[in-house]
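Understanding the architecture of this molecule
Listed below, chain by chain, are the residues.
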Amino acid sequence: MDFETLKQSSSNFDKLTKALEANLNPEDQSQKTNKYQDDRFWKPELDKTGNGYAVIRFLPATKGEDMPWQRVWSHAFQDKGGWYIENSLTTLGQKDPVSEENTRLWNTGVDSDKEIARKRKRKLSYYANILVVSDPKHPENEGKVFLYKFGKKIFDKITEAIQPAFEDESPINVFDFWKGANFKLKIRKVDGYWNYDKSEFEGVSQVDEKEDNIKSIWEKQHPLKPFIDPSNFKTYDELKEKLNRVITGQRNTETVETTDLPPQSNGSVKSNEAASVTASDDDDTMSYFSKLAEEE
């Protein structure tokens, strides 16, 4: 898709609507790495009062791609053999050993088994390109394009804007350059978790008055397809072996896997693209799990 096609298509609003419907009723097809800073990603921060505020703009699909977001299922839990932090193959519509084990545990009907399944449940994350409109904590980010990783709560806000529940509300393609809307991100700390309930979209507006500036924003966007590239996922057998090792605490000496923590980048372009999918956002595993609370 070139820029003129993008403009004429209004960012494929019909396609987005269908994708939302598929997302709301999915078949169970079922960021740094440790000490690695991925500067492509933007992250909001809280102030001294425990609140956070920023204004961002979700951007349309980038060159060569059809969708303005990608979603990734993952698992993160600890057992006898250490941490299991991996992307789920259900992201790709394939069977995954953790999901299979969770189904088995749940179907036993035993409360303790169900509790284990709950602790190992899938987590859903979304990835999109954004333009930072206002960032009081880091004004140097304003006017720049970043990748943004977020959870279901924020995606629900996007869904509500595109598919409003009430007749007196007009649908907004929030990813559109010309007829989209800025998103006021408002964060509060509630029971230890980041709460986004007060976040909201502004009225319809054009992202910039000048066509050249809009095109420049579009050309700076990052590809999203690498997040769901099969080459960035471990195979079923690799995940099965690791799951067994984490559950039992017994290491298979023939495996090439040598660590239970998120892998570090090897510096290649491909690794950098996969890093934010498979890795933690902080320097240790516990900090990674504190991040999970922020994305809810």
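Residues numbered from 1 in each chain as written. Predicted model: local features only at pLDDT ≥ 70, side-chain atom pairs only at ≥ 80, totals over all residues. Heavy atoms only, no water.

1. A look at the pattern of salt bridges
Scanning the entire structure with this criterion turns up ten salt bridges. With its nearest N and O atoms 2.8 Å apart, the salt bridge here joins E86 to K242. Taken together, the residues span a long stretch of sequence, with E86 in strand 3 (residues 82-87) and K242 in helix 7 (residues 236-248) at a distance of 156 residues. Across this residue pair, the class does not change: E86 and K242 are buried. Connected through salt bridges with shared partners, the residues E86, K234 and K242 form a single ionic network. (Salt bridge = Lys/Arg side-chain N within 4 Å of Asp/Glu carboxyl O. Helix = DSSP H or I, 4+ residues; strand = E, 2+ residues; numbered from the N terminus. Buried < 20%, exposed > 50% of the residue type's maximum accessible area, 1.4 Å probe, protein only.)

2. Some details on the packing of aromatic side chains
Describing an aromatic ring pair means giving the distance of the ring centres and the angle of the ring planes. Inspection of the entire model under this criterion finds 17 aromatic pairs. Taking 5.4 Å as the distance between ring centres and 65° as the angle between the ring planes, the aromatic pair formed by W42 and Y148 counts as edge-to-face. One end of the pair, W42, is in the loop between helix 2 (13-24) and strand 1 (52-58); the other, Y148, is in strand 5 (residues 145-150), and 106 residues separate them in sequence. Each of the two residues, W42 as well as Y148, counts as buried. Within the aromatic cluster, the residues linked to one another by ring pairs are W42, F58, W69, Y126, Y148, F150, F155, F175, F183 and F201. Above the plane of the ring of W73 lies R122, whose end atom (NZ or CZ) is 3.5 Å from the centre. Across the ring face of Y84, the terminal group of K242 is positioned such that the distance to the ring centre comes to 5.9 Å. (Phe/Tyr/Trp six-rings, centres within 6.5 Å; stacked < 30°, edge-to-face > 60°. Lys NZ or Arg CZ within 6 Å of the ring centre and 35° of its normal.)

3. Structural notes on the environment of K220
Here K220 shows up in the loop between helix 6 (211-219) and helix 7. Between the alpha carbons of K220 and F146 there is a distance of 8.7 Å; along the sequence they are 74 residues apart.

4. Focus: a negative patch on the surface
Residues E160, E167, D168 and E169 make up a contiguous surface patch of negative charge. With respect to the helices, strands and loops of the structure, D168 is situated in the loop between helix 5 (152-162) and strand 6 (180-190). (Patch = residues over 30% accessible without salt bridge, like charges linked within 9 Å, V, L, I, M, F, W, Y side chains within 5 Å. Areas by Shrake-Rupley, 256 points an atom, 1.4 Å probe, with all protein chains shown as cover. Lys, Arg positive; Asp, Glu negative; His and termini not counted. Charge placed at Lys NZ, Arg CZ, Asp CG, Glu CD.)

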